[in-house]
Amino acid sequence: MNPRSNSRFLRALFLLASVATTLAADRVPWTTSRVRGTPDAPPLAAVERVFPALGFKEPTDFLHDPTTRRWFVSELSGRLVSFPSTGDATKSDLAFDLSKRHQPFSQLLGFTFDPAFESNRFVYVAWVSVGEGAGRENGSHVTRLRLSRTEPPVADEGNETELLTWLGGGHNGSCLKFGPDGCLYISTGDGSSPEPPDALRTGQNLDDLLSCILRIDVRKAEGARAYTIPRDNPFVGRAGARGEIWAYGFRNPWRMAFGPEGDLWVGDVGWELWETVHRVRAGYNGGWSRMEGPQVVNGDLDPPTPVSEPVMAHPHSEAASITGGCFYEGAALAAARGAYVYGDWATGKLWALRATNGAPAAVRELATTTLQPVAFATGPDRELYVLDHQQSAGIHRLVPARDTFDPSLFPRKLSQTGLFADVREQRPAPGVEPYDVVSPVWHDGASSRRWIAVPGTEPIRKGENWTFPAGTVAVKTIGHTNLAAPVPRWTPIETQLLHYDGAKWRAYAYHWDHAGRDAELVGAKGATSDLEGSGPELGGADTWRFGSRTDCLRCHNSWSGFVLGINPLQLGSEAARLGKLGVLAAGPGNPPSIPFANPQGHDGDIALRARSWLHANCAPCHRWGAGGAVPVYFPIEDPLEKLRIADIRPSRGDFGLDDARLLAPGHPERSVLWLRMNTSGAGHMPMAGPRRPDPNGSRLVADWIRSMRPGDPTHANTKAGIGSPSGALALLDATLPGKPGAAELDAALHSTNAVVRDLFASFAPGSARKGVLGDGFDPGRVLKLRGDPARGLEVMRRDGGPNCLGCHRLGAEGRAFGPELSGVGRKYDDARLLGEIVEPSRTVAPENALHVLELADGSTLAGLVSPADGGRLRVRDASGQDRVLGRADIRKDERQTLSAMPEGLLSNLTA
């Protein structure tokens, strides 16, 4: 019996034995949990409900009026209500209902009061007259109403002045703020639905009012307009530009506030990867949709003015729908005083951000809440208030955290979690239920066992989203057959926990000792550990990498449902068993209507099995909004044409493949997807998790690619043989899931082409492998070593090492592509220099940013770009050669956010 079959057999026996103990009885509640709180430092703040007797229906914005006598709250339906600022209000009073004034009417999104409200009683409202995605000229509106002086105040009948309109539908912005200059600032979105990004191509235009912050003077009219365009607006007088524009390049700027220095701070809702906070001044370009945060989206857009970087960019592993906030002026939270406090509508997180001129931004997580924060406001008491849109639909105040869990009480050993009655034998505690999945995720050849632990009697429910009871823990133990044990047996390596505390999911890893007695909590940044007795299952690997907690949450995100195995697709027939036990409630999509298959089985056609493998291993990140670095999608629910991959040219490097495509139908050897699945070097996917290619999964996907155009001849250029990347892929295609011959392997491992070497690195025999630093090594381990300049220079020169001199000059040696290295030790201390090598993309100076140019003749050119005489550009390619181009020679210029210097340069050096 081969190791893979043996692992499946043992897993099946384990599952059957576990099931036998549970089918005979109704659900047993899990009562032994000690997974509470977090091992991390406790939060600084919490939120508490105020005005608990008041509830609102889908509130969108709130403010107290300038007299500070009343709070006002807008509701999506068109209502503006108010109630006294003091005392315990028990009811709210209607000021007006726009849906009764306007037909059609869709949404009331924001409002603000005139600075002279006490005398003129003006309130300004932003609303939409068409549904989302409908799109109509003049569909978004800003109008002015007058409120009475009565208690409670109501809007004057028929008294409403329209100030401004723009295209309605999709992203509307619609935040209103008066600035210190007395002008009204208005945010507008790109008017589009989420997909495709910036469908109207308006983000980098100045000829319409979309994707902007507008600035108008409402104190006097001008001609037919009920406002004046300030003459110092940055684009007044520019041909074709709208004078109202004060800043531009935003996707859906949702809430903004003026800071103590007079700058406007804006939260901009992201697309695929990033949620951003901007510190905006006159003429600011937020970058959308050429950029999304640091990521290129539409690289062919030519910005009218330079793009500015956001103050803060949160990846979608941290946030999903930013809500701009306010500066904290209160006394309750000393740690947040003077900071810009904002939140995330999807995760409920709140942050405090500090940024001063000339200093990098510093952000601190304040709290994790169960709210959907839709707006922030400062109260009459100077404290900060948060408006929840949906769950409680009420107002909350930011307060110091109390009754926080002591981090020292969090279980540091797996045996302390209460998940197992016998941790060594992996025998679960009562109420901890085993389950299996249809398409397991690849774990470098290791096999997995899974449990779900749900406290109490409430089941996991499936509605529009998955709902897990607070305290739920999903468990997965990954292990292998340890051949070094006295009696070879399945031995655990790592146990992964996902814990839902009622507000958010947290991920933890536990590292097993070699004897398989117990496992210890791994630090937040992950770790690397030696393996014992690794056999063919793991390809003879001698180290194991434990991902960071952030790495784990990249895949276990809200878009993929957090617990990747608890869904109808993956559970298959297991769903009925868990439903009978009361762990999983019946609901929509259970059982699934979409077919799913075991990639290694024989059920279903090859496309179904290949798509199932891609769904399990790639779709957690490569799905709408989940954070894949390119907009390529793999959920099995999507038809092939929606994957955005077939016959598409790669935008992030072609690895030297002949006539490369993301997926070249009929040709695995031209498909970047297949190369990324097979390489062990830079560009390996998935980015987090396994580092070794899955030979069976690769075989399956290659056969699927070929089935799209059966009988197509192998691309002619692959006749160059193993010396080229396409030739190397063609050899792999003829070999997998077996191993290449000794001569071919030796030639590949000694190739001067790094792409070719990395494609065959996983086949290197154990005797040819050295103890290396690996990924995620401890920098302190290197910094403790005593430096030897002569050996260092040798390493820099050596082929197969970091090859620094392949791109950099050091005196008379090397190639003049990247920065000169002479004197770099005076520029950086040892720790900073090591950090620049390990994380080269953390900070990339503009002059060192790699550009990919599409030229007018259809060819492409990659290199570093600098100005040349006569308004031309000098492009230096990786060989150090310069080429001077005129603007007319360049059809498309795409600046890469990742450094030209690859990651992992030190991972293959000896430890």
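Residues numbered from 1 in each chain as written. Predicted model: local features only at pLDDT ≥ 70, side-chain atom pairs only at ≥ 80, totals over all residues. Heavy atoms only, no water.

On to unusual backbone geometry. Cis geometry is adopted by the peptide bond preceding Pro152, which originates at Glu151 and carries an omega value of 0°. Note on placement: Pro152 falls in the loop between strand S8 (136–147) and strand S9 (155–168). Residue Pro686 is reached from Met685 by a cis peptide bond, and omega for that bond is 5°. Note that Pro686 resides in the loop between helix H8 (672–678) and helix H9 (695–707). One non-glycine residue, Thr68, lies in positive phi territory at about 65°. As for its position among the elements, Thr68 is in the loop between strand S2 (59–64) and strand S3 (70–75). Using a relative accessible area of 37% as the deciding quantity, one classes Thr68 as partly exposed. Positive phi outside glycine occurs at Asp444, with the angle close to 60°. Within the secondary structure, Asp444 sits in the loop between strand S29 (432–435) and strand S30 (447–453). (Helix = DSSP H or I, 4+ residues; strand = E, 2+ residues; numbered from the N terminus. Buried < 20%, exposed > 50% of the residue type's maximum accessible area, 1.4 Å probe, protein only.)

Further remarks concern helix H16 (residues 830–838). By the burial criterion, the buried members of H16 are Leu834, Gly835 and Glu836. Tucked into the core, H16 has its buried residues touching helix H13 (779–783). (Contact = heavy atoms within 4.5 Å.)

Here we come to the environment of Asp542. Its location among the elements puts Asp542 in the loop between strand S37 (527–530) and strand S38 (543–546). Look at Asp542 and you get partly exposed, because its relative accessible area is 39%. Sequence-wise, Asp542 and Glu532 are 10 residues apart; in three dimensions their C-alpha atoms are separated by 7.0 Å.

The terminal C-alpha atoms of H9 lie 18 Å apart, and with 13 residues this matches the ideal 18 Å at 1.5 Å per residue to within 8%. All of the buried residues in H9 are Pro695, Gly697, Ser698, Arg699, Leu700, Val701, Ala702, Trp704 and Ile705. Contacts from the buried residues of H9 go to helix H7 (606–617), H8 and helix H10 (725–735). Structurally, the start of H9 carries an N-cap: the backbone nitrogen of Asn696 is 3.2 Å from a side-chain oxygen of Asp694. (Expected span 1.5 Å × (residues − 1). Polar contact = N/O pair within 3.5 Å; in protein donor to acceptor, adjacent residues only side chain to side chain.)

Limitation: the analysis is restricted to geometry and does not speak to function.
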